[in-house]
Amino acid sequence: MNKKRIKKALVSVYHKDKLDIIIQKLHEEGVEFISTGGTQSFIESLNIPCEAVEDLTGYPSILGGRVKTLHPKVFGGILARRELPQDNEQLSAFEIPEIDLVIVDLYPFEATVAAGADEPTVIEKIDIGGISLIRAAAKNFKDVVIVASQEQYEPLLNLLQENGAETTLEERRWFAKEAFAVSSGYDSAIFNYFDGEEESAFRQAENNAKVLRYGENPHQRGIFFGKFDDMFEQLQGKEISYNNLLDIDAAVNLINDFEDITFAILKHNNACGIASRPSLVDAWNDALAGDPVSAFGGVLVTNAIIDKATAEEINKIFFEVIIAPDYDLEALEILSQKKNRIILILKDNKIKTKQFRSLLNGVLMQDKDLKTETTDDLKVVTDKTPTEQEIEDLLFANKIVKHTKSNAIVLAKNKQMCASGVGQTSRVDALEQAIEKAANFNFDLNGAVMASDAFFPFPDCVEIAAKAGISAVIQPGGSIKDQDSVDSCNHNGLSMVTTGYRHFKH
């Protein structure tokens, strides 16, 4: 157990919320305090005595506050190994008090950067004394407790309430681990600020680990790192799984590209049904019509508030997750009838602009595909120009194919996805899969449009599409044989536009 009693604490914090409870409890346990500036004044305002760091060191705060605690009488008291006679002799010789608890936080560097501050202001928010205190106290966890952020206030208070001012080695080691998480994340943020777009090294830090039931499969361990609650409010439902999170991410990325009232149903990260309509209930019904079989157990997402009429229709099927900006009270009462359903409110749809994944013996990183084509990006390359309705459908289908696993083909008509071919090794296979699926669900493809995530190396897809009744095509272009597909469109009376943007998704 190796229990140690806290007798003296150094407290130097930027944020003082909830600190008073900690200080009061420590004082009740007979702990003495050393502090600096504003924190010292705060402690004394509680009618609790506090020694100034300046009185301990014999030096005032200098260089505009840049140097306050950086002194042997502070760090010696933290780093001294209590079990070593020579360390204790030096403490005595130099009149250095043992410090058993350090409570500190760091200047808000990341918040300052996020606020758009100028560089001199940002630089001044690089903490020196605080980070040094954290590392010193965490290194000497055998003798010292380190509380490196407000997130550890509650665990410290629980410890004090249960055991008084005594701590075990295991408890001190846990606080040290948390402290190094704080310091490493802080240093990563500073590095990324200086590195900018150079990206000379990969440094990412995420806190708030949530252990999941399992990973992609039951034999795999799964953990989510991040602040899920910042983006979503979970109104009810079972614990969110690893696969749920993948689908939720895909759903949010997809719906973010739509401004019209839109409903989408996703399965294994791909849309199996999606439609845009003036009425939400119509959007839902037409999205479901795209593939009512695959919709079973799917993830539902919309960019509109769900009303009672829509909820009544949704309630007829089994689904895992539903995401919306909000729900009418009557709609929520209907959807809440099955308690395992995960009902989410999307509070903040801001997503990261970088993607990365572990790969081989390293990490692969890229910019997120944030390009959403508009009419300005379309270049008509055929004799025939698409109609206004076809252009709307082409842009609609192109948004979907962007979020579909490659090789991908999407067929759409009147802002409704008729079918898609997903994740095929051949683009011809993807198209034939989509045509067959559309037929299975009784879609008339005459006048429908086709979107491809990448160029056509041969005219075969255009020829197949023409026979199925497709009237217009959107694709990025860029093949050395683009003209073959254009010629096939002209021969078969199809219009084609190119965008110049490929949307592979693997």
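None of the values given here were measured: they were computed from a predicted structure.

### Some words on the overall build of the protein
- Per the secondary structure count, the protein includes 19 helices and 23 strands.
- Computed over its C-alpha atoms, the radius of gyration of the protein comes to 30 Å, more than 25% above the 23 Å expected for a compact globule of 506 residues.
- The principal-axis extent of the C-alpha atoms belonging to the protein is close to 95 × 50 × 40 Å.
- In the protein, buried positions account for 47% of the 506 residues.
- Expressed as a percentage of contacts within the protein between residues at least 6 apart in sequence, the contacts between residues at least 24 apart total 57%.
- Of the roughly 25,000 Å² that the protein leaves accessible, carbon and sulfur atoms contribute 50%.
- Of the charged side chains in the protein, 53 are positive and 77 negative, and the gap between their average positions amounts to 4 Å.

### Digging into a negative patch on the surface
- On the surface, Asp229, Asp230, Glu233, Glu312, Asp326, Asp328, Glu330 and Glu333 cluster together into a patch of negative charge.
- Contributions of two or more residues to the negative patch are made by α11 (228–231) and α15 (329–335).

### A few points about the packing of aromatic side chains
- By the definition in use, this model includes eleven aromatic pairs.
- Pairing Phe258 with Phe396 gives two aromatic rings, centres 5.7 Å apart and planes at 70°, and the pair type is edge-to-face. A residue pair is termed long-range when its members are at least 10 positions apart, and Phe258 in the loop between α12 (242–255) and β11 (262–267) and Phe396 in helix α16 (residues 388–402) qualify at 138 residues. Both residues of the pair, Phe258 and Phe396, belong to the buried class.
- Summarising the aromatic geometry, the rings of Phe296 and Phe318 are spaced 5.0 Å apart at their centres and angled 45° between planes, so their arrangement reads as tilted. Of the two residues, Phe296 is situated in the loop between α13 (280–289) and β13 (298–302) and Phe318 in the loop between α14 (308–314) and β14 (319–324); the sequence distance between them amounts to 22 residues.
- Within the aromatic cluster, the residues linked to one another by ring pairs are Phe109, Tyr186, Tyr193 and Phe194.
- When the ring centre of Tyr107 is taken as reference, the NZ or CZ atom of Lys125 above it lies at 5.5 Å.
- A cation sits over an aromatic face here: Arg203 above Phe191, 5.7 Å from the ring centre.

### Description of the nonpolar core
- Ranked by size, the top nonpolar core spans 54 residues in total, and within it Leu10, Val11, Phe33, Ile78, Val102, Ile103 and Ile146 carry the most contacts.
- Residues contacting Val11, with those up to four places away along its chain left out, are Leu19, Ile23, Phe33, Ile34, Ser35, Thr36, Thr39, Ile43 and Ile103.
- By size, the runner-up hydrophobic cluster in this structure holds 39 residues, among which are Phe258, Leu378, Ile400 and Val401.

### Points about helix α2 (residues 37–45)
- Along α2, the residues that are buried comprise Thr39, Gln40, Phe42 and Ile43. Relative to the axis of α2, the buried residues are bounded by an arc of 160° and lie together on one face.
- Lining the buried residues of α2 we find β2 (8–12), α1 (19–28), β3 (32–35) and β4 (51–52).
- Downstream of α2 by one or two residues, Asn47 has phi in the positive range, about 60°.

### Overview of the environment of Asn217
- Examined against the element boundaries, Asn217 turns out to sit in the loop between β8 (209–211) and β9 (223–225).
- The sequence separation of Asn217 and Asn243 amounts to 26 residues, and the corresponding C-alpha distance is 8.7 Å.
- At 2.7 Å, the side chain of Asn217 forms a polar contact with the side chain of Gln220.

### Describing the domain arrangement of the protein
- Domain annotation of the protein identifies domain 1 (4–195), domain 2 (225–346) and domain 3 (378–498).
- When each unit is reduced to the centre of its C-alpha atoms, the spacing between domain 1 and domain 2 is 46 Å.

### With respect to the sheet that holds β14
- With mixed pairing, the six strands of this open sheet are ordered in space as β10-β15-β14-β13-β11-β12. Only two strands of the sheet have a single partner each, and these edge strands are β10 (232–236) and β12 (270–276). On average, each strand axis in the sheet is tilted by 20° relative to the strand beside it, whichever way the strands run.
- Bridge count between β11 and β12: six bridges; the pairing is antiparallel. When the bridges of β12 are listed, Ala264 appears paired with Ile274.
- Helix-sheet contacts for α13 involve β11, β12 and β13, and the interaxial angle to β11 is about 30°.

### Concerning the side chain of Arg427
- Along the chain, Arg427 falls in helix α17 (residues 427–440).
- Among the polar contacts made by the side chain of Arg427, one reaches the side chain of Asp453 at a distance of 2.3 Å.
- Contact partners of Arg427, with chain neighbours within four places excluded, come to Asn407, Ala408, Ile409, Ser452, Asp453, Ala454, Phe455, Phe456, Cys461 and Phe504.

### Observations regarding unusual backbone geometry
- In the segment running from Ser406 into Asn407, the intervening peptide bond is cis, with an omega of -10°.
- Relative to the elements of secondary structure, Asn407 occurs in the loop between α16 and β19 (409–412).
- Its identity as a non-glycine residue notwithstanding, His268 has a phi of 50°, on the positive side.
- Tracing the sequence through the fold places His268 in the loop between β11 and β12.
- With a phi angle near 75°, Asn269 is a residue other than glycine that sits in the positive phi range.
- Along the polypeptide, Asn269 turns up in the loop between β11 and β12.

### Description of helix α8 (residues 129–139)
- Taken across its eleven residues, α8 has eight buried, putting it largely inside the fold.
- Looking only at α8, the buried set comprises Gly129, Gly130, Ile131, Leu133, Ile134, Ala136, Ala137 and Ala138.
- Where α8 is buried, its residues meet β2, α4 (72–79), β5 (101–104), β6 (145–147) and α10 (169–195).

So, how was this worked out
- Each chain carries its own residue numbering, running from 1 in the written order of its sequence.
- Only residues with pLDDT of 70 or above have their local features reported here, since the model is predicted, and side-chain atom pairs are shown and tallied only from 80 upward, although totals for entire chains, interfaces and linings are computed over all residues.
- Calculated side-chain values reflect all of the structure's heavy atoms, with hydrogen atoms and water omitted.
- Numbering of helices and strands runs from the N terminus, with a helix taken as a DSSP run of H or I at least four residues long and a strand as a DSSP run of E at least two residues long.
- Our radius of gyration is a C-alpha quantity, and the globule rule it is checked against amounts to 2.2 Å times the number of residues to the power 0.38.
- Remark: exposure states derive from per-residue accessible area (1.4 Å probe, protein chains only) relative to the maximum for the residue type, with buried under 20%, exposed over 50%, and partly exposed in between.
- In what follows, a contact means two residues having at least one pair of non-hydrogen atoms within 4.5 Å.
- All accessible-area figures derive from a Shrake-Rupley calculation using a 1.4 Å probe, and residue coverage is judged against the displayed protein chains alone.
- We count Lys and Arg on the positive side and Asp and Glu on the negative side, and we leave His and both chain ends out.
- All charge positions are set by atom: Lys at NZ, Arg at CZ, Asp at CG, Glu at CD.
- Each patch is assembled from residues with relative accessible area greater than 30% and no salt bridge, linking like charges that lie within 9 Å and nonpolar side chains (Val, Leu, Ile, Met, Phe, Trp, Tyr) that lie within 5 Å.
- A side-chain nitrogen of Lys or Arg and a carboxyl oxygen of Asp or Glu constitute a salt bridge if their distance falls within 4 Å.
- A pair of Phe, Tyr and Trp rings is counted when the ring centres sit within 6.5 Å of each other, with Trp represented by its six-membered ring. The angle between the planes then sorts it: under 30 degrees is stacked, over 60 is edge-to-face, the rest tilted.
- Criterion for a charge above a ring: Lys NZ or Arg CZ within 6 Å of the ring centre, and within 35 degrees of the ring normal.
- Nonpolar cores are built from buried Ala, Val, Leu, Ile, Met, Phe, Trp, Tyr and Cys residues. Side-chain atoms within 4.5 Å join them into one set.
- Here the arc refers to the directions that run from the helix axis out to each C-beta atom.
- Definition of a polar contact: a pair of N or O atoms within 3.5 Å, with one able to donate and the other able to accept a hydrogen when the atoms are protein atoms, and with sequence-neighbouring residues admitted only if both atoms are side-chain atoms.
- Domain delimitation in this document rests on an assignment produced automatically or drawn from a domain database.
- Any two strands with at least two DSSP bridges between them are considered paired.
- To obtain an axis, a line is fitted to C-alpha atoms, over the contacting stretch when the element is a helix, and the angle between two such axes runs from 0 to 180 degrees between their N-to-C directions.

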